[in-house]
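Breakdown of the fold
Chain by chain, the residues:
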Amino acid sequence: MEDTGVSGRAPGSYAELAAMLKRRLPKLGGGQLRIAHLLLADPEGTAFRGIAAAARLTEVRESSIVRFANALGLPGYPAIMELCRVWLAEQARLARRTENADGSPGGLPSATLEQERTNLARSYGRLDLVEWWRAVEMLSEASRVYVIGLRDCAAVAGLLSLRLGRARGDVRRLGDSLVDELRDFAEREVLVAVSIRRYAMETVRVAEHARDRGLQVIALTDNAASPLREVAEVALFAETEAVGPARSLTACFSLAQALAAEVSLRLGVTHPDESPPALDFFYDG
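Each chain has its residues counted from 1, following the order in which its sequence is written. Local features are withheld for residues below a pLDDT of 70 in this predicted model, meaning they are given only at 70 or higher, and side-chain atom pairs are given and counted only at 80 or more; totals for whole chains, interfaces and linings count all residues. Each side-chain value is worked out from all heavy atoms of the structure, with water and hydrogens disregarded.

1. Regarding the overall build of the protein
Rules: Working definition: helices are DSSP H or I runs of at least four residues, strands are E runs of at least two. Numbering for both runs from the N terminus. Categorising residues by exposure relies on relative accessible area from a 1.4 Å probe, with only protein chains included: less than 20% of the type maximum marks a residue as buried, more than 50% marks it as exposed, and the intermediate range marks it as partly exposed. Note on definitions: a residue-residue contact is assigned when non-hydrogen atoms from the two residues lie within 4.5 Å. Here the accessible surface of atoms and residues is derived via Shrake-Rupley with a 1.4 Å probe, and residues count as covered only by protein chains that are part of the display.
When helices and strands are tallied, the protein shows 13 helices and five strands. Per-residue burial over the protein gives 46% buried out of 285 residues. Of the contacts formed within the protein by residues at least 6 apart in sequence, a portion of 67% connects residues at least 24 apart. Carbon and sulfur atoms make up 53% of the accessible area of the protein, which amounts to about 14,100 Å² in all.

Pasting the structure below:
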């Protein structure tokens, strides 16, 4: 962990801390990697989690966490907690600005509305624009694009492949004939892998296979601790907290739509909703 932050300084915000950790992830291992994953995946918990609890979760000594903070240019673990607390307060203010109490329903619908507003605000508020524009470039220039999403994420993958197919040619959604399609993988192609907790290991394995075959991998997932983050060249994160027991896909759908729209704009497609003839039988409205 050689550098101490952006331009040689310690991180002054959680966004800078997260950016630093993401750069260093490929060089970390063991306990350091577990500490970094915890900070990236759960800034809300870190804001109030003491060093003893953090050490227990990451299976390291408290002294290791102190050294980790020092290597980031910070005086200790409380400084990390403070960065997370400031970030959490900013997210709360952002969520409050998006709320409009007038006319809101009550009960579960109201709670769901509030949660989805928060999910969207957090997802776009912490969007890494460097990663975003890299994903757009990859999807625009690839010779072929594959999209995979299984179980609950199948609907997100279906929407993304359909919208991308209207913007550019040769977009394939990986489906039932998965084994046959894997044989077609070639360099200069791109795979978009969509998966959130609990992660579909089939999706992760396909992403690993694609990377090994020379494809560029884009992950649409929920946080930096996702197994797809380790495989992907670019990762976009959607907040998936929900009122009920199942994860919310609202932010995933929104990011998928925005990504396809950005590719359309980059390629100069002015009417992306007008399906080319080859796709007409998929869409009738």
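2. Here's the deal with the confidence of the model for the protein
Note the following rule: By definition, pLDDT measures how confident the predictor is in each residue, and it falls between 0 and 100.
For the protein, per-residue confidence averages 84 on the pLDDT scale, and residues scoring 70 or more make up 85% of the total. Note that pLDDT drops below 50 for residues 1-7; the model gives that stretch 25 contacts with residues more than four away or on any other chain. Low confidence marks residues 275-285, where pLDDT is under 50. Its contacts with residues over four positions away, or in another chain, come to ten contacts.

3. Comments concerning the packing of aromatic side chains
Using the following cut-off: Stacked, edge-to-face and tilted labels apply to pairs of Phe, Tyr and Trp rings (six-membered ring for Trp) whose centres lie within 6.5 Å, assigned for plane angles under 30 degrees, over 60, and everything in between, in that order.
Tallied over the full model, the rule gives two aromatic pairs. Measuring from centroid to centroid gives 5.3 Å for Y14 and W87, while their planes differ by 50°, and the two rings are tilted. With Y14 in helix α1 (residues 14-24) and W87 in helix α6 (residues 77-98), this residue pair connects regions lying 73 residues apart in the sequence. Take Y14: its relative accessible area is 8%, and that puts it in the buried class.

4. Some words on the layout of surface pockets
Put simply, the rule reads: For cavity detection a 1 Å grid was placed over the protein atoms alone, and a set of points counts as a cavity when a 1.4 Å probe fits there but cannot get out; an open set counts as a pocket when protein lies on both sides within 12 Å along at least five of seven lines, with lining residues being those that have an atom within 4 Å of a point. Grid points are joined across faces, edges and corners, and a volume is the space filled by probe spheres set on the points. Note on residue categories: nonpolar means Ala, Val, Leu, Ile, Met, Phe, Trp, Tyr, Cys or Pro, charged means Asp, Glu, Lys or Arg, and polar means any other residue, Gly included.
Estimates place the volume of the largest pocket at around 770 Å³. For the largest pocket, the lining is made up of 38 residues, of which Y14, A18, L40, P43 and R126 are closest to its centre. For the lining of the largest pocket, the residue count by class is 18 nonpolar, eight polar and twelve charged.

5. Focus: helix α4 (residues 51-58)
Within α4, the full set of buried residues consists of A53, A54, A55 and T58. E59 occupies a position one or two residues after α4 and carries a positive phi of about 60°.

6. Side note on the sheet that holds strand β2 (residues 171-173)
Heads up, the condition is: Pairing between strands is defined by DSSP: at least two bridges between the two strands are required. Helix axes are fitted to C-alpha atoms over the stretch in contact, other axes to C-alpha atoms as well, and angles between N-to-C directions run from 0 to 180 degrees.
With respect to topology, five strands assemble into an open sheet ordered β2-β1-β3-β4-β5, the strand pairing being parallel. Strand pairing shows two members of the sheet lacking a second neighbour, β2 and β5 (234-237), which therefore form its edges. If you compare each strand with its neighbour and ignore which way they point, the axes differ by 15° on average. Relative to strand β4 (residues 216-221), strand β3 (residues 190-194) runs parallel, the two sharing five bridges. What sits directly across from V192, in β4, is I218. Contacting β1 (145-149), β3, β4 and β5, helix α8 (residues 129-141) runs over the sheet at an angle of about 120° to β5. With respect to the sheet, helix α9 (residues 154-167) is in contact with β1, β2, β3 and β4, its orientation differing from that of β1 by roughly 160°.

7. Overview of the pattern of salt bridges
Which entries qualify depends on this criterion: By definition, a salt bridge exists where a carboxyl oxygen of Asp or Glu is found within 4 Å of a side-chain nitrogen of Lys or Arg.
Here the structure, examined in full by the defined rule, presents 15 salt bridges. For the salt bridge of D42 with R49, the shortest nitrogen-to-oxygen distance reads 2.6 Å. Judged by its relative accessible area of 22%, D42 is partly exposed. Note that E241 is salt-bridged to R247, the shortest N-O span being 3.1 Å. Accessibility expressed as a relative area gives 32% for R247, which makes it partly exposed. Here the salt bridges do not stand alone but share partners, grouping R144, D170, R172 and E189 into one network.

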